[in-house]
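Observations on chain architecture
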Amino acid sequence: MALRIQQLQQWKQQGRPIAALTAWDWLWARLLDRAGVDLLLVGDSLAMVALGHKTTLPLTLDQMIHHAAAVARGVESALVVVDLPFLTYQASEAEAIASAGRILKETEAQAVKLEGGYPEMAATVARLVRSGIPVMGHVGLTPQSVNQLGYRQQGRSPAEGDRILAEALALEAAGAFAIVLEHVPATLAERITRQLTIPTIGIGAGNACDGQVLVTADLLGLSDQTPPFAKTYADLGAAVIAAAETYCQEVRSGQFPPPPLSAAAQTHQSIGS
Ligand SMILES: Nc1nc2c(c(=O)[nH]1)N[C@@H](CNc1ccc(C(=O)N[C@@H](CCC(=O)O)C(=O)O)cc1)CN2
Ligand SMILES: CC(C)(CO)C(=O)C(=O)O
Ligand SMILES: [Mg+2]
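Computed from a prediction, not measured in an experiment: that's the story for all the values here. (Residues numbered from 1 in each chain as written. Chains lettered and ligands numbered in written order. Predicted model: local features only at pLDDT ≥ 70, side-chain atom pairs only at ≥ 80, totals over all residues. Heavy atoms only, no water.)

Things to note about the pattern of salt bridges
By the definition in use, this model includes 8 salt bridges. The salt bridge involving lysine 12 is made with aspartate 210; its shortest N-O contact spans 2.8 Å. In this pair, lysine 12 sits in helix 1 (residues 2-14) while aspartate 210 sits in the loop between strand 7 (200-203) and strand 8 (211-214), placing the two residues 198 residues apart along the sequence. We note that lysine 12, like aspartate 210, is buried. (Salt bridge = Lys/Arg side-chain N within 4 Å of Asp/Glu carboxyl O. Helix = DSSP H or I, 4+ residues; strand = E, 2+ residues; numbered from the N terminus. Buried < 20%, exposed > 50% of the residue type's maximum accessible area, 1.4 Å probe, protein only.)

Here it is as structure tokens:
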């Protein structure tokens, strides 16, 4: 599986775009892995799309491990990367190693992702990488800083763009194997992608990144609110409601379950028998 991380590097050189999605449990991870997704991120967005929180901040490390272990059980091929939750890695390098270490020991995920590229975070990334933990960076809009940034596009001014580029370069120098660029102008993402040797994975960052990631709930029409850059490829929300409505009607009208079969027709084995 370390091979998959080197593969990402090769795909960048070959100009073969990387397709990533998020997953939060075994059920979805299994289906997305079968679809051939290259990288599955157990994103802390699961706090919002699977647990009903308003931001990613409340997610705990124990909750993340519970979800990441389930995702990893459903995956055969994709690289599984796990977000370090808010305040499980910022306080010190030792805290980051302890949290990332728990993720690699208690799940079968292969890598972690963390937010920010300021000097202390780059030093933390270097320490994690030297400890044998592959790290993915995340700059631009970093949702764990929602109380400072909101969800607005980042890097609009030349000075801010230069700062985000410098953060990306610092993360690469620290040994990150890839970097997520979230909600930044396409021109900035293109500039960063050209200057880095490691792949950039964009979300709301234009079409020049080495790969793209989307939150699967947005992809499938399961989110109440989606960011302006998300694309919905199927309306599963409506399909689920329609199926459950039909079931409720059939139960209430007596149409389901059907009357008992005659003994001769009972040839089917049911689950567990
Ligand atoms: N489901 C879903 N949840 C998510 C993400 C996602 O990908 N999809 N990604 C993370 C949050 N990122 C964003 C990015 C942009 C917006 C957004 O909506 N921005 C508007 C509004 C900005 C504002 O409020 O000022 C804009 O026009 O820029 C919302 C969440 C975590 N949660
Ligand atoms: C996909 C991405 C980058 C969106 O913020 C993420 O980190 C998540 O889903 O938690
Ligand atoms: Mg995240």
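There is more to say, and it comes next.
Considering the site of ligand 2
The local shell around ligand 2 holds 13 residues, among which Asp44, Ser45, Asp83, Lys113 and Glu182 are the closest. Here an oxygen atom of ligand 2 sits 2.9 Å away from a polar atom, N or O, in the side chain of aspartate 83. Starting from 280 Å² of accessible surface for ligand 2 in isolation, the protein chains cover 96%. Taking a 2 Å distance to the grid points as the criterion, the majority of the atoms of ligand 2 fall inside the largest pocket. Residue composition of the shell around ligand 2, by class: 5 nonpolar, 4 polar and 4 charged. (Near = heavy atom within 4 Å. Polar contact = N/O pair within 3.5 Å; in protein donor to acceptor, adjacent residues only side chain to side chain. Areas by Shrake-Rupley, 256 points an atom, 1.4 Å probe, with all protein chains shown as cover. 1 Å grid on protein atoms, 1.4 Å probe; cavity = no way out; pocket = protein on both sides within 12 Å on 5 of 7 lines; lining within 4 Å. Sits in = over half its atoms within 2 Å of the grid points. Nonpolar A, V, L, I, M, F, W, Y, C, P; charged D, E, K, R; others polar.)

Some details on the layout of surface pockets
In this structure, the largest pocket spans a volume of roughly 830 Å³. In terms of lining, the largest pocket is formed by 33 residues, of which the most central are Ser45, Met48, Val49, Gln225 and Pro227. Among the secondary structure elements, those contributing two or more residues to the lining of the largest pocket are helix 3 (46-49) and strand 6 (178-182). By volume, the second largest pocket is sized at about 330 Å³. (Points joined across faces, edges and corners; volume = space filled by probe spheres on them.)

What about the UniProt feature "active site" (unreviewed entry) in the chain?
Mapped onto this structure's residue numbering, the UniProt feature "active site" (unreviewed entry) falls at Glu182. Inspection of the secondary structure puts glutamate 182 in strand 6. Here the side chain of glutamate 182 touches histidine 138 through a polar contact of 3.0 Å, side chain to side chain. (UniProt positions renumbered as here; feature names shortened; annotations may be inferred.)

What to know about the UniProt feature "binding site: 3-methyl-2-oxobutanoate" (unreviewed entry) in the chain
Mapped onto this numbering, the UniProt entry annotates "binding site: 3-methyl-2-oxobutanoate" (unreviewed entry) at Asp44, Ser45, Asp83 and Lys113. Judged by maximum C-alpha separation, these annotated positions cover 70 residues in sequence but sit close together in space, the widest gap being only 12.6 Å. Considering only the annotated residues already named, the ones lining the largest pocket are Asp44, Ser45, Asp83 and Lys113. Note that aspartate 83 resides in strand 3 (residues 79-83). For aspartate 83, a relative accessible area of 3% corresponds to the buried category. Ignoring any residue separated from it by four or fewer positions in sequence, one finds aspartate 83 in contact with Leu41, Val42, Gly43, Asp44, Met64, Ile103 and Lys113. In this structure the side chain of aspartate 83 is engaged in a polar contact, spanning 2.8 Å, whose partner is the backbone nitrogen of aspartate 44. As for its placement among the helices and strands, lysine 113 is situated in strand 4 (residues 111-113). Discounting chain neighbours no more than four positions away, the residues touching lysine 113 are Leu41, Val81, Val82, Asp83, Leu84, Met136, Gly137, His138 and Val180. There is a polar contact of 2.7 Å between the side chain of lysine 113 and the side chain of aspartate 83. (Contact = heavy atoms within 4.5 Å.)

Considerations on the sheet that holds strand 3
Strand order in the closed barrel made by the 8 strands is 1-2-3-4-5-6-7-8, with parallel pairing throughout. Averaged over neighbouring strand pairs, the angle between their axes works out to 25° when direction is ignored. Of the pairings in the sheet, the one linking strand 7 to strand 8 comprises 2 bridges and is parallel in character. Across the sheet, residue isoleucine 201 finds its bridge partner in strand 8, namely glycine 211. Of the strands in this sheet, strand 5 (135-140) and strand 6 are in contact with helix 8 (residues 158-174), which crosses strand 5 at around 175°. (Pairing = 2+ DSSP bridges. Axes fitted to C-alpha atoms, helices over the stretch in contact; angles between N-to-C directions.)

Thoughts on the coordination of the magnesium ion (ligand 3)
For the magnesium ion (ligand 3), the full set of protein donor atoms is Asp44 (OD) and Asp83 (OD), and the range of their distances to it is 2.1 to 2.2 Å. Here aspartate 83 lies in strand 3 and aspartate 44 lies in the loop between strand 2 (39-42) and helix 3, a separation of 39 residues in the sequence. When its relative accessible area of 4% is taken as the criterion, aspartate 44 is described as buried. (Donors = N, O, S within 2.8 Å, 3.2 Å for Na, K, Ca; no water.)

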